[in-house]
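# Analysis of the macromolecular model
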Amino acid sequence: MKPIKKGKITVTITIGIACLALATVMFMQFKMVNQTDINELEVMREDELRTELANWKAKYEEAENQYQEKSQKLEDYNKAEATEEETEGLVKNELLGKTDVGGQGITITLQENKDAEAGITSDNLNMIVNELKEAGAEAISINDERIINMTDIVSVNENTVIRVNQQRVVSPYVIKAIGNQTYLEGAISGNGGEGDKLEKLGHTVSITKSNKVQIKKYNKALTTKYIKED
């Protein structure tokens, strides 16, 4: 038998140690990957549960707010001593904007940028009002001027001044709307919405949601020329 050289023994031991170390590292990495996957699954599950809980909470709050609004209106009707004429008058005042109202909705703030491609005009405000109405807004105001069927939003003095209900309004234009917050916000900020267009022109558009949007009543006399009651 040939004697084994010391150098070969050293190389063999070295290779063996290297293989053992490599196997140990691979085992540890495999264990870490498995553990990471489990942790990630647990985190994902927790996130899904939190999201689902938040969604149900939002739905509950929306239903609760609507219930409170309807209950308040019913109480107002009952306080009118339940006579047909008084109840009819109460409903008419609400529909015509003759009472202060509140509820969930959004507030849109339009800050005009003088360096933008074009200024904010009455047409922009009219478009926003129309989009809010189509999204189901139950009450709207611009700089605390209540929007009703007879409201005029016009530009005068060569489009340098905007008037709402014959009152001058200036930037920032604060538009309040009561209704479903998601629908209202989507109508304005969604792709192609008037808010989206104004932002692309260079103006600042911000939208905030609230469960306590307050809109003031229409404070002018309602006059008609041609409508006659039967």
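Each remark here, short or long, concerns the structure printed above.
Here's a quick rundown of the structure. Counting from 1, residues in each chain are numbered in the order their sequence is written. Local features in this predicted model are restricted to residues of pLDDT 70 or higher, and side-chain atom pairs are both shown and tallied only at a pLDDT of 80 or more, whereas totals for entire chains, interfaces and linings draw on every residue. In computing side-chain values, all of the structure's heavy atoms are included and hydrogens and water are not.

## Here we look at helix 4 (residues 181-189)
What counts here: Accessible area is worked out with a 1.4 Å probe on protein chains only. A residue is then buried under 20% of its type maximum, exposed over 50%, and partly exposed in between. By the criteria applied, helices consist of DSSP H or I runs no shorter than four residues and strands consist of E runs no shorter than two, each listed in order from the N terminus. What the arc describes is the spread of directions from the helix axis to the C-beta atoms. Contact definition: two residues touch when any of their heavy atoms are within 4.5 Å. N or O atoms within 3.5 Å of each other form a polar contact, as long as, within protein, one can give a hydrogen and the other can take it, and as long as residues adjacent in sequence are counted only when both atoms are side-chain atoms.
Among all positions in helix 4, only Q181, L184 and I188 are buried. The arc enclosing the buried residues of helix 4, seen along the axis, measures out at 75°, which places them on a common side. Those residues of helix 4 that are exposed and angled more than 90 degrees off the buried face are T182 and Y183. Check the buried side of helix 4 and you find it contacts strand 1 (101-111), helix 3 (122-134), strand 7 (173-178), helix 5 (194-201) and strand 8 (204-215). Capping of helix 4 at its N-terminal end is provided by N180; its side-chain oxygen lies 3.0 Å from the backbone amide nitrogen of T182.

## Thoughts on the pattern of salt bridges
What counts here: What counts as a salt bridge is simple: a side-chain nitrogen of Lys or Arg found within 4 Å of a carboxyl oxygen of Asp or Glu.
This structure, assessed with the given rule, holds five salt bridges. Among the salt bridges present, the one from E112 reaches K114, with a minimum N-O distance of 3.4 Å. Given the relative accessible area of 72%, K114 is considered exposed.

## Describing helix 3
Inclusion rule: Take the residue count of a helix, subtract one, and multiply by 1.5 Å to get its expected span.
Compared with the 18 Å implied by 1.5 Å per residue over 13 residues, the 18 Å span of helix 3 between its first and last C-alpha is a close match. Every buried residue of helix 3 is listed here: S122, N124, L125, I128, V129, E131 and L132. One or two residues past the end of helix 3 sits G136, with phi positive at roughly 95°.

## Examining the pairing of strand 1
Spelled out, the test is: For two strands to pair, DSSP has to find at least two bridges joining them.
With eight of eleven residues buried, strand 1 is to be regarded as a mostly interior element. Sheet topology note: the strand 1/strand 8 ladder contains ten bridges and is antiparallel. Residue pairing across strands places G102 opposite Q214, the latter belonging to strand 8. Sheet analysis places strand 1 next to strand 7, joined by six bridges and oriented antiparallel. Residue pairing for strand 7: T109 is matched across the bridge by V174.

## Some thoughts on the sheet that holds strand 6 (residues 167-169)
Just so we agree on the cut-off: Axes here refer to lines fitted to C-alpha atoms; in helices the fit is confined to the stretch in contact. Angles between the N-to-C directions go from 0 to 180 degrees.
Reading across the sheet, the three strands line up as 4-5-6 and stay open at both edges, with antiparallel pairing between neighbours. Looking at which strands have only one partner, the edges of the open sheet turn out to be strand 4 (153-156) and strand 6. Each adjacent strand pair in this sheet contributes to an overall mean axis angle of 40°, direction not counted. With four bridges joining them, strand 4 and strand 5 (residues 161-164) adopt antiparallel strand pairing.

## Thoughts on the packing of helix 3 against helix 4
Filter applied, for reference: Crossing handedness is read from the near helix: turned anticlockwise from the far helix by less than a right angle, it gives a left-handed crossing, and turned clockwise, a right-handed one. Just so you know the grouping, Ala, Val, Leu, Ile, Met, Phe, Trp, Tyr, Cys and Pro go in nonpolar, Asp, Glu, Lys and Arg go in charged, and all remaining residues, Gly too, go in polar.
Between helix 3 and helix 4, the shortest axis-to-axis distance is 9 Å and the interhelical angle comes to 145°. Where helix 3 crosses over helix 4, the handedness of that crossing is right-handed. Side by side, helix 3 and helix 4 meet where I128, E131 and L132 of the first sit next to L184, A187 and I188 of the second. Along the lines of polarity and charge, the residues of the contact of helix 3 with helix 4 split into five nonpolar, no polar and one charged.

## A few points about unusual backbone geometry
S171 connects to P172 through a cis peptide bond whose omega is 5°. Assignment of secondary structure puts P172 in the loop between strand 6 and strand 7. The phi torsion at D144 lies on the positive side, around 70°, for a residue other than glycine. The topology assignment puts D144 in the loop between strand 2 (139-142) and strand 3 (145-146). The class for D144 is partly exposed, based on a relative accessible area of 34%. A positive phi is found at Q166, a non-glycine position, where the angle reads about 65°. One can find Q166 in the loop between strand 5 and strand 6.

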